[in-house]
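# Observations on the model geometry
For reference, the chains in residue letters:
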Amino acid sequence: MLKKIILSIAILGSIATFAHEGHDKVPGAIKANHGGTVMPGKEINLEYVVSGADVMLFPASHEGSDLSASEVKLNVKSKLPNGKPKLIKLESKEGAFIAKVDFKNAYRIEMTVDTEVKGKKSSFKFQVEK
C-alpha cells in the first residue's frame, strides 16, 4: 500500500513539473491576427477571412505584424471548378484587401494570390467555400 502511495505522489509530482507557463507557445507557429486562416509564404504570410462572398486578405510579415497596403502589391485570380482563372478587382479597406467572389452555381472556388513586397514575390493557392 505504501508503494502505491509513493508511486502516485511521484506521478502527480512529475505532471506538475510540466504544467508551467510557455508550453502553449510553439516555436514556428503562425498566429492569426484577424481570426482567419494563415498561409506561410516565401517572403510574407497571408491571412484570409471568408465572409459570404467577400474574401478579406491580410498580408503579414513572418514576425506576425500586418503589412500596409502601400507596401504590398496583390494580384488575385479565382477559378470555378472546370473554369478558367478570372482576375478579381480588390478594394483596400482598414488594412485589408477585399475580394468579392462570384460562386455562381459552385460550392467552392480556387483562389490564387500573387504578392510582391519590395521586389520579392510569394504565391498562395487556397479554396474558398460558401
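Relevant structure appears above.
Everything numeric in this text was worked out from a predicted model, so none of it was measured. (Residues numbered from 1 in each chain as written. Predicted model: local features only at pLDDT ≥ 70, side-chain atom pairs only at ≥ 80, totals over all residues. Heavy atoms only, no water.)

This next bit is on the pattern of salt bridges. For the coordinates displayed, the defined rule picks out three salt bridges. One salt bridge in this structure joins Asp-54 and Lys-100, with 3.1 Å as the shortest N-O distance. Taken as a pair, Asp-54 in strand 3 (residues 54-60) and Lys-100 in strand 7 (residues 96-100) lie far apart in primary sequence, 46 residues in all. Between Glu-110 and Lys-125 there is a salt bridge, with the nearest N and O atoms lying 3.7 Å from each other. Of this pair, Glu-110 sits in strand 8 (residues 108-117) while Lys-125 sits in strand 9 (residues 120-129), placing them 15 residues apart in sequence. Classification of Glu-110 as partly exposed rests on a relative accessible area of 25%. In this structure Lys-125 comes out as exposed when scored by relative accessible area, which is 55%. (Salt bridge = Lys/Arg side-chain N within 4 Å of Asp/Glu carboxyl O. Helix = DSSP H or I, 4+ residues; strand = E, 2+ residues; numbered from the N terminus. Buried < 20%, exposed > 50% of the residue type's maximum accessible area, 1.4 Å probe, protein only.)

The next point concerns the packing of aromatic side chains. This structure, assessed with the given rule, holds one aromatic pair. Judged by centre distance (3.9 Å) and plane angle (10°), the ring pair of Tyr-48 and Phe-126 falls under stacked. Taken together, the residues span a long stretch of sequence, with Tyr-48 in strand 2 (residues 45-51) and Phe-126 in strand 9 at a distance of 78 residues. A residue is classified by how much of its surface remains accessible, and Tyr-48, at 13% relative accessible area, is buried. (Phe/Tyr/Trp six-rings, centres within 6.5 Å; stacked < 30°, edge-to-face > 60°.)

What follows deals with the pairing of strand 2. Summarising burial for strand 2: five of the seven residues are buried, a large majority. The pairing of strand 1 (residues 37-40) with strand 2 spans four bridges and is classified as antiparallel. Looking at the pairing, Met-39 lines up with Leu-46 of strand 2. Note: strand 2 against strand 3, seven bridges, orientation antiparallel. Following the sheet pairing, Asn-45 is matched in strand 3 by Ala-60. Between strand 2 and strand 3, which pair antiparallel and follow one another directly, the connecting turn spans two residues, one of which, Gly-52, has a positive phi of 65°. (Pairing = 2+ DSSP bridges.)

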